[in-house]
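Chain by chain, the residues run as shown.
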Amino acid sequence: MPKKQISLTVNGRLVEGLVEPRTLLIHFIREQLNLTGAHIGCDTGHCGACTVEMDNMSVKSCMTFALQADGSNITTIEGVANPDGTLSALQEGFRMMHGLQCGYCTPGMIMRAHRLLQENPNPTETEIRYGIAGNLCRCTGYVNIVKAIQYAAAKINGTAFPEAAE
Amino acid sequence: MNQQTPIDIERSERTDKLQGMGCKRKRVEDIRFTQGKGNYVDDIKLPGMLFGDFVRSPHAHARIISIDTTRAKALPGVIAVLTAADLKPLGLHYMPTLAGDVQAVLAEEKVLFQNQEVAFVIAEDRYIAADAIELVDVVYDALPCIVDPYKSMSPDAPILREDIKDKMVGAHGPRKHPNHIFEWQIGDQKATDEVFSKADVTIKEMFVDHRTHPSPLETCQCIASMDKIKGELTLWGTFQAPHVIRTVVSLISGLPEHKIHVIAPDIGGGFGNKVGAYSGYVCSVVGSIVLGKPVKWVEDRMENLSTTSFARDYHMTTELAATNEGKILAMRVHVLADHGAFDACADPSKWPAGFMNICTGSYDIPVAHLSVDGVYTNKASGGVAYRCSFRVTEAVFAIERAVEVLAHKLGMDSAELRMKNFIKPEQFPYRAALGWEYDSGDYPTAMKKAMEAINYKQLRQEQAEKREAFRRGETREIMGIGISFFTEIVGAGPSKNCDILGVAMFDSAEIRIHPTGSIIARMGTKSQGQGHETTYAQIIATELGIPADDIMIEEGNTDTAPYGLGTYG
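## Remarks on the overall build of chain A
- The secondary structure content of chain A amounts to five helices and five strands.
- For chain A, the α and β elements follow one another from N to C terminus as β-β-α-β-β-β-α-α-α-α.
- For 166 residues, the compact-globule formula gives about 15 Å, and the C-alpha radius of gyration of chain A, at 16 Å, lands near that figure.
- Counting only C-alpha atoms and orienting by the principal axes, one finds that chain A spans roughly 55 × 30 × 25 Å.
- Expressed as a percentage of its 166 residues, the buried residues of chain A come to 52%.
- The contacts in chain A between residues at least 6 apart in sequence include a share of 58% that link residues at least 24 apart.

## Comments concerning the overall build of chain B
- A tally of regular secondary structure across chain B gives 14 helices and 24 strands.
- Its C-alpha atoms give chain B principal-axis dimensions of roughly 75 × 75 × 50 Å.
- Partitioning the contacts of chain B with sequence separation of at least 6, the portion at a separation of at least 24 is 76%.

## Some points on the pairing of strand β4 (residues 57–60) of chain A
- Here strand β3 (residues 51–54) of chain A runs beside β4(A); their pairing, made up of four bridges, is antiparallel. Bridging across to β4(A), Glu53(A) finds its partner in Ser58(A).

## Considering the interface of chain B and chain A
- The partner chain A presents 30 residues to the 25 residues of chain B that form the contact.
- If one sorts the elements of the side of chain B that touches chain A by residue count, helix α2 (residues 29–33) of chain B sits on top with three residues.
- Taken together, the residues that form the side of chain B that touches chain A break down as five nonpolar, 10 polar and 10 charged.

## Considering the sheet that holds strand β22 (residues 509–513) of chain B
Residue and element names in this part refer to chain B.
- Taking strand neighbours across the sheet as the criterion, the three strands line up as β22-β23-β24 in an open arrangement whose pairing is mixed. With partners counted over all chains shown, the strands left at the sheet margins are β22 and β24 (551–555), one partner each. Adjacent strand axes in the sheet meet at a mean angle of 15° when their direction is disregarded.
- Bridging between β22 and strand β23 (residues 519–523) involves five bridges; their strand directions are antiparallel.

## Section: the packing of helix α3 (residues 106–119) of chain A against helix α5 (residues 143–157) of chain A
All names here are of chain A.
- Two elements in contact, α3 and α5, have axes separated by 11 Å at closest approach and are oriented at 45°. Taken together, the axes of α3 and α5 lie oblique to each other. When you trace α3 past α5, the crossing you get is right-handed. On the side of α3, the interface is formed by Met109, Ala113 and Leu117, while α5 contributes Ile145, Ile149, Ala152, Ala153 and Ile156.
- When grouped by side-chain class, the residues that make up the contact of α3 with α5 number eight nonpolar, no polar and no charged.

## Things to note about the domain arrangement of chain A
Residues and elements named next belong to chain A.
- The assigned domain composition of chain A is domain 1 (4–79) and domain 2 (89–159).
- With 14 residues of domain 1 at the contact, the number on the domain 2 side is 12 residues.
- The element that contributes the greatest number of residues to the side of domain 1 that touches domain 2 is β3, accounting for three residues.
- Taken together, the residues that form the side of domain 1 that touches domain 2 break down as six nonpolar, seven polar and one charged.

## Focus: the environment of Thr318(B)
All names here are of chain B.
- With respect to the helices, strands and loops of the structure, Thr318 is situated in strand β17 (residues 314–322).
- Separated by 84 residues in sequence, Thr318 and Ala402 place their C-alpha atoms 6.8 Å apart.
- Ignoring sequence-local partners within four residues, the contact set of Thr318 consists of Glu205, Phe207, Val333, Ala398 and Ala402.

## Some remarks on the pairing of β23(B)
Residues and elements named next belong to chain B.
- What sits between the antiparallel neighbours β22 and β23 is a turn of five residues, in which Gly517 has the positive phi angle 95°.
- Of the pairings in the sheet, the one linking β23 to β24 comprises five bridges and is parallel in character. Bridging across to β24, Ala521 finds its partner in Ile553.
- Note that the unit made of β23, helix α14 (residues 532–544) and β24 has a crossover that is right-handed.

## Description of the packing of helix α2 (residues 89–96) of chain A against α3(A)
All names here are of chain A.
- Axis separation between α2 and α3 bottoms out at 10 Å; the angle between their running directions is 130°. Of the possible angle classes, the one that applies to α2 and α3 is oblique. As α2 packs across α3, the resulting crossing turns out to be right-handed. Contacts from Leu90, Gln91 and Phe94 in α2 reach Thr106, Ile110, Ala113 and His114 in α3.
- Among the residues forming the contact of α2 with α3, the class breakdown is four nonpolar, three polar and no charged.

## What to know about unusual backbone geometry
- The step from Phe428(B) to Pro429(B) runs through a cis peptide bond, and the omega angle for that step is -5°.
- Tracing the chain through its elements places Pro429(B) in the loop between α11 (414–421) and β20 (430–431).
- Phi at Asp55(A) takes a positive value of approximately 45°, unusual for a residue other than glycine.
- Tracing the backbone shows Asp55(A) in the loop between β3 and β4.
- At Ala504(B), a residue that is not glycine, the phi angle is positive and equals roughly 75°.
- Inspection of the secondary structure puts Ala504(B) in the loop between α13 (456–471) and β22.
- Under the C-beta neighbour-count criterion, Ala504(B) is labelled partly exposed, with 17 such atoms within 10 Å.

## Notes on the domain arrangement of chain B
Residues and elements named next belong to chain B.
- Looking at the assigned domains, one finds that chain B contains domain 1 (1–38 + 507–569) and domain 2 (48–144 + 215–307).
- Taken together, the 16 residues of domain 1 in the interface contact 20 residues of domain 2.
- Broken down by class, the residue content of the side of domain 1 that touches domain 2 amounts to three nonpolar, 11 polar and two charged.

## Looking at the nonpolar core
Residue and element names in this part refer to chain B.
- Counting residues in each nonpolar core, the largest one holds 191 residues, and the members touching the most others are Leu106, Val121 and Ala123.
- Examining the composition of this core, we find that 10 residues originate from one element, helix α10 (residues 392–410), more than from any other.
- Residues contacting Leu106, with those up to four places away along its chain left out, are Leu82, Thr83, Ala84, Leu87, His93, Glu117, Val118, Ala119, Phe120 and Ser279.

## Some points on the confidence of the model for chain B
- Model confidence for chain B is summarised by a mean pLDDT of 95, while 99% of its residues fall at 70 or above.
- Interface scoring of the predicted complex returns ipTM 0.98; its pTM is 0.95.

## Brief notes about the environment of Ser7(A)
Residues and elements named next belong to chain A.
- Among the structural elements, Ser7 can be located in strand β1 (residues 4–10).
- For Ser7, a count of 12 C-beta atoms within 10 Å corresponds to the exposed category.
- Residues Ser7 and Leu18 lie 11 residues apart in sequence; the distance between their C-alpha atoms is 9.0 Å.
- Ignoring any residue separated from it by four or fewer positions in sequence, one finds Ser7 in contact with Leu14, Val15, Glu16, Asp70 and Gly71.

## Examining the sheet that holds strand β12 (residues 201–209) of chain B
All names here are of chain B.
- Ordered in space as β11-β19-β18-β17-β12, the five strands form an open sheet in which the pairing is mixed. At either margin of the open sheet sits one strand with a lone partner, and together these are β11 (180–187) and β12. Neighbouring strand axes in the sheet, compared pairwise and without regard to direction, differ in orientation by 10° on average.
- Across nine bridges, β17 lies against strand β18 (residues 328–338) in antiparallel orientation. Among the inter-strand pairings, Ala322 is bridged to a residue of β18, identified as Ile328.

About the thresholds
Residues numbered from 1 in each chain as written. Chains lettered and ligands numbered in written order. Predicted model: local features only at pLDDT ≥ 70, side-chain atom pairs only at ≥ 80, totals over all residues. Helix = DSSP H or I, 4+ residues; strand = E, 2+ residues; numbered from the N terminus. Rg over C-alpha atoms; globule rule 2.2 N^0.38 Å. Buried ≥ 20, exposed ≤ 12 C-beta atoms within 10 Å, placed from the backbone. Contact = placed C-beta atoms within 7 Å. Pairing = 2+ DSSP bridges. Nonpolar A, V, L, I, M, F, W, Y, C, P; charged D, E, K, R; others polar. Axes fitted to C-alpha atoms, helices over the stretch in contact; angles between N-to-C directions. Parallel < 35°, antiparallel > 145°, perpendicular 65-115°, else oblique. Left-handed = near helix turned anticlockwise from the far one by under 90°. Domains from an automatic or database assignment. Right-handed = clockwise from strand over helix to strand, strands pointing away. Core = buried A, V, L, I, M, F, W, Y, C linked by C-beta atoms within 7 Å. pLDDT = per-residue confidence, 0-100.

Below, the structure is given as structure tokens:
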């Protein structure tokens, strides 16, 4: 199948690639760029394990063609740690509040939560639950994931999150 | 809260210092998982790696008239297409299951469930493989299929397993019908029937614990890589029990076990789904042996849901006999177990229905009888321990629901009925009517504590008030209260009861202490999210007095880890 050239920014770096028109963004990211943090869980857009950020929107990269990302600005889980390499507030929140077990949904969950907090820096529990409705976890359930996001919101806002101390 | 003694304080300080058992140690795994730096099977890339994909049956039951792979093989980038005809000379078109049956690796003359594996395409990349499966031309002659297990043993039922239709004694004894797998009976039928015939009160209900799929977020996948020069096979995969997989691969392939290296990297959830051996593993291994190149196989979600092991599917006709005062006198259970097209049940016990005979639960029931009939249907095979079953979940559902039904019939509070029938603390060790020995317990105290914790009396009062208000038409809100009290068998042991492949259920640890005092500990288990790297280190820290942060836990590599039967749940 004839290939097309694309160029885009991924985690702040300009990358170029040759892709078939049908190549999925998730495969381009995982197999050509070797960024394997985003995962494939369902192939149908239900589970959200493949979530990345594209031009300030959450996208499910298993439902997006790589060609659609031409010229875009993408952030994956590999690009969200603090500049000094320490865990971001969300990454830390997931660890501190035990928001994961097998870790397979976690990168997608964190990328979705990242966008949610950009758009709503102080979400209620209900808003968080609606906000991550497109991301499934099979191990942990959502109670601790919600707490992880609340932890991160509090840390970013400089407010207290009493449950963090428990 | 009790006053802490100096010893308690010292112990707690020691625990905190070591990050040992009892402290809230943050998970060490999360450092990599939160950064997308886990290492799952599909993250692994090997030079020259090929991709496998299955041609699957659109029919639940059909005769295969012909398979033509010409068009698929002609597609550029397709390396090979395997069918049963290729595997048969190697004796690999069927593989043994963990339950004493055999299972088709690739369908030979018939398909027995929808999406059953018919051909395996190996190509240079996963897109070409996906294209090629559509170019394999299979002609089917559809047959009537059985989806209702109650119809499996009808006189006019179509015979599903033609490969064993004349074999009227299966792995677990005589078969009553070509679609019958086994009958398992335990308990005293005569004495039980007698009690039922004279009892004040009896109840009988059929409970269906429906088919469930474990559905871990990561599907089943593997990479097989055969080094033809050294004659060694390396198999990476989503294996809850890597050592068992190595043994199975050795038994199936004929490769000596010491020349097979099985590696289970990070696993994205298991829940029992990743215990069994699947066609994808066998076909990838065969592909790699034939081609001398690594072959990767990754299921998609539909394949995972429709073909890999399910859980439950027990149809349980449950009866209790009791006195008017609510003393349970006997229990009688018949289970119709739908095992799908092959008996690939992964209960690591010596019985075909796992631990179903714990169905007398936490109660002192003098006599009982359990019979289980396993049957074939046109569904995917399985029967795995989805979230701590081994059929205990099914058994608990049967007894606890039956107790509720009995309470309703007697007009008694179901918590009170439970209290009345618990095995009493002074009865331990207690031998249950269906064979299990219960070593210790104090069920009435546990129940009382739980009732007090939720303020049961007040809840019942609130319920009564809400019902009254509902009856008066003042509100549409009513309230239900559910109670379950169960005794579970956790862990798969001892080996007198628990076994897979005659290996017996056990696990091992090897702890090495380095000259500087740090530790590497290797286990035969394999975490799929349970956090072994964190918690095992805590156990060792407490036992040996070395800080958990100085202890590395390694699992999943059969070359370095001692033998074990893996992690279930």
